[in-house]
Amino acid sequence: MVREPEFRWKQCIIIRNDVKMSCGKKCAQAGHAAIVAYEKADATSKKAWMNEGQKKVVLKASDERTLFELKSIAEAAGISAALIQDAGMTEIPPGTITALGLGPAKTEELDKITGNLSLL
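Values in this document were obtained by computation on a predicted structure and should not be read as measured data. (Residues numbered from 1 in each chain as written. Predicted model: local features only at pLDDT ≥ 70, side-chain atom pairs only at ≥ 80, totals over all residues. Heavy atoms only, no water.)

Engineer: How should I be thinking about the side chain of Lys46 in this particular structure?
Structural biologist: Summarising the element assignment, Lys46 is placed in helix 2 (residues 43-52). No salt bridge is formed by the buried Lys46; the nearest opposite charge belongs to Glu39, separated by 4.4 Å. Leave out the neighbours within four places in its chain, and Lys46 touches Tyr38, Glu39, Ala41 and Pro104. (Helix = DSSP H or I, 4+ residues; strand = E, 2+ residues; numbered from the N terminus. Buried < 20%, exposed > 50% of the residue type's maximum accessible area, 1.4 Å probe, protein only. Lys, Arg positive; Asp, Glu negative; His and termini not counted. Salt bridge = Lys/Arg side-chain N within 4 Å of Asp/Glu carboxyl O. Contact = heavy atoms within 4.5 Å.)

Engineer: So what exactly am I meant to see when it comes to the packing of aromatic side chains here?
Structural biologist: How two aromatic rings sit relative to each other is given by the distance of their centres and the angle of their planes. Taken as a whole and judged by the stated rule, the model has 1 aromatic pair. On the numbers, 5.6 Å between centres and 40° between planes, the contact of Tyr38 with Trp49 is tilted. Separated by 11 residues along the polypeptide, Tyr38 in helix 1 (residues 23-40) and Trp49 in helix 2 bring together distant segments of the chain. (Phe/Tyr/Trp six-rings, centres within 6.5 Å; stacked < 30°, edge-to-face > 60°.)

Engineer: Looking at this model, I keep getting lost on the pairing of strand 4 (residues 97-106). Mind explaining?
Structural biologist: Along a regular strand, successive side chains alternate from one face of the sheet to the other. The buried fraction of strand 4 is high, at 9 of 10 residues. Two strands pair when backbone bridges link them, and strand 1 (residues 9-16) and strand 4 are joined in this way by 6 bridges, in the antiparallel orientation. Note on strand 4: the bridge partner recorded for Trp9 is Lys106. The sheet contact formed by strand 3 (residues 81-85) and strand 4 spans 5 bridges and is antiparallel. Among the inter-strand pairings, Gln85 is bridged to a residue of strand 4, identified as Ile97. (Pairing = 2+ DSSP bridges.)

Shown next, in the form of structure tokens:
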């Protein structure tokens with residue numbers, strides 16, 4: 001029997017579900033959110049997450065307000081957070097908030113913040 005690895009660290013990427021974006025656009029926004037949140041994280045969190053395999057979970061939020069609320073809660077908990085604002089060169093108007101990256105951080109801490117969100 002193969003045991004699944006236990007991930008003690010992860011990153012959560014939250015995509016707005018109320019903005020019409022193609023699958024590719026959502027993927028690009030998720031990539032931006034992952035990189036910017038990682039860059040904002042402390043060295044200990046970065047190293048632990050990198051050594052463990054860089055688990056990421058992509059979730060969806062119903063609107064922009066939810067992203068701002070999640071960002072505030074995460075930052076108050078000491079978790080890196082990055083809101084992504086689109087440049088508007090392709091599918092959506094410039095300045096549209098599209099995604100939020102959280103972490104890397106401890107899984108149980110992120111679950112307290114994002115546990116009620118659905119997978120994208």
